[in-house]
Amino acid sequence: EIINLENTPYNEQLKIFSDLNKKYEFRAGYVDACGIGDMLAEEIQRTINWNVKPFKWSASNKTLLYDSLRKALKENEIFFSEEYKDVLVNDFLKIRRTIGKTGNIAYTAPHTKTGHSDIVSSIVLANHAINEHALPIIQPFSYKRQSLF
């Protein structure tokens, strides 16, 4: 399920997370805690009783986590529902992997009116939660070892 929360008031976002938690019974996850997301992550932890952790992106953890997702995709450990194929492909195609002169790898995406590859970032964090907690993941994708469709 893909939900765009852009320009959604904070209290409505919290209600959406609460409703999603009731629907899917999350066991763990991450919320992008850069900027205003930090406050949302704290409020989710306090009010929803969901094991959510705030996550702050850095150059080093971004490379590690994007590489982990890249590996999972290459090894067909993740597959996507046809329902979301077009929007996911569009978001994935915005991501650029570059190797600097010193050998550092960076993943970037342009800032556009439709976001900053937020869907891919969400999938990266979900993949990280799965790897860290050995959890099944909710739609729009699942792992070979346990399909949720």
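Heads up: the structure comes first, above all this text.
**Quick notes on the overall build of the protein**
Logical step 1: For the protein, the count of helices and strands is five helices and six strands.
Logical step 2: Listing the helices and strands of the protein from first to last along the sequence gives α-β-α-β-α-β-α-β-β-α-β.
Logical step 3: Across the 149 residues in the protein, those meeting the buried criterion constitute 37%.
Logical step 4: Residue pairs at least 24 apart in sequence account for 52% of intrachain contacts in the protein once pairs closer than 6 positions are excluded.
Logical step 5: When the accessible surface of the protein is totalled, it reaches about 9300 Å², and 53% of it is carbon and sulfur.

**Examining the pairing of strand E1 (residues 29-32)**
Logical step 1: Here four bridges tie E1 to strand E2 (residues 52-55), and the two strands are oriented parallel to one another. Within E2, the position partnered with Asp32 by the bridge is Phe55.
Logical step 2: As for the winding sense of the linkage, the β-α-β connection from E1 through helix H2 (residues 37-47) to E2 is right-handed.

**Observations regarding the packing of aromatic side chains**
Note on aromatic pairs: each is described by the distance of the centres and the angle between the planes.
Logical step 1: Within this structure, the stated rule accounts for five aromatic pairs.
Logical step 2: Aromatic side chains Phe55 and Trp57 sit 4.9 Å apart centroid to centroid with 75° between the ring planes, which places their arrangement in the edge-to-face category.
Logical step 3: Residue classification places Phe55 among the buried positions, given a relative accessible area of 9%.
Logical step 4: Geometrically, the ring pair formed by Tyr66 and Tyr107 is stacked, given 5.0 Å between the ring centres and 25° between the ring planes. Taken together, the positions of Tyr66 in helix H3 (residues 59-74) and Tyr107 in strand E5 (residues 105-108) put the pair 41 residues apart, joining distant regions of the chain. Across this residue pair, the class does not change: Tyr66 and Tyr107 are buried.
Logical step 5: Cluster of aromatic residues (ring-pair linked, three or more members): Tyr30, Phe55, Trp57, Tyr66 and Tyr107.

**Digging into the packing of helix H1 (residues 10-24) against H2**
Logical step 1: Two numbers describe how H1 lies on H2: the axes approach to 11 Å, and their chain directions differ by 45°. In terms of orientation, H1 lies oblique with respect to H2. Crossing of H1 against H2: the hand is right-handed. Contacts from Tyr10, Gln13, Leu14 and Phe17 in H1 reach Met39, Leu40, Glu43, Ile44 and Thr47 in H2.
Logical step 2: Split by residue class, the contact of H1 with H2 holds six nonpolar, two polar and one charged.

So, how was this worked out
Residues numbered from 1 in each chain as written. Predicted model: local features only at pLDDT ≥ 70, side-chain atom pairs only at ≥ 80, totals over all residues. Heavy atoms only, no water. Helix = DSSP H or I, 4+ residues; strand = E, 2+ residues; numbered from the N terminus. Buried < 20%, exposed > 50% of the residue type's maximum accessible area, 1.4 Å probe, protein only. Contact = heavy atoms within 4.5 Å. Areas by Shrake-Rupley, 256 points an atom, 1.4 Å probe, with all protein chains shown as cover. Pairing = 2+ DSSP bridges. Right-handed = clockwise from strand over helix to strand, strands pointing away. Phe/Tyr/Trp six-rings, centres within 6.5 Å; stacked < 30°, edge-to-face > 60°. Axes fitted to C-alpha atoms, helices over the stretch in contact; angles between N-to-C directions. Parallel < 35°, antiparallel > 145°, perpendicular 65-115°, else oblique. Left-handed = near helix turned anticlockwise from the far one by under 90°. Nonpolar A, V, L, I, M, F, W, Y, C, P; charged D, E, K, R; others polar.

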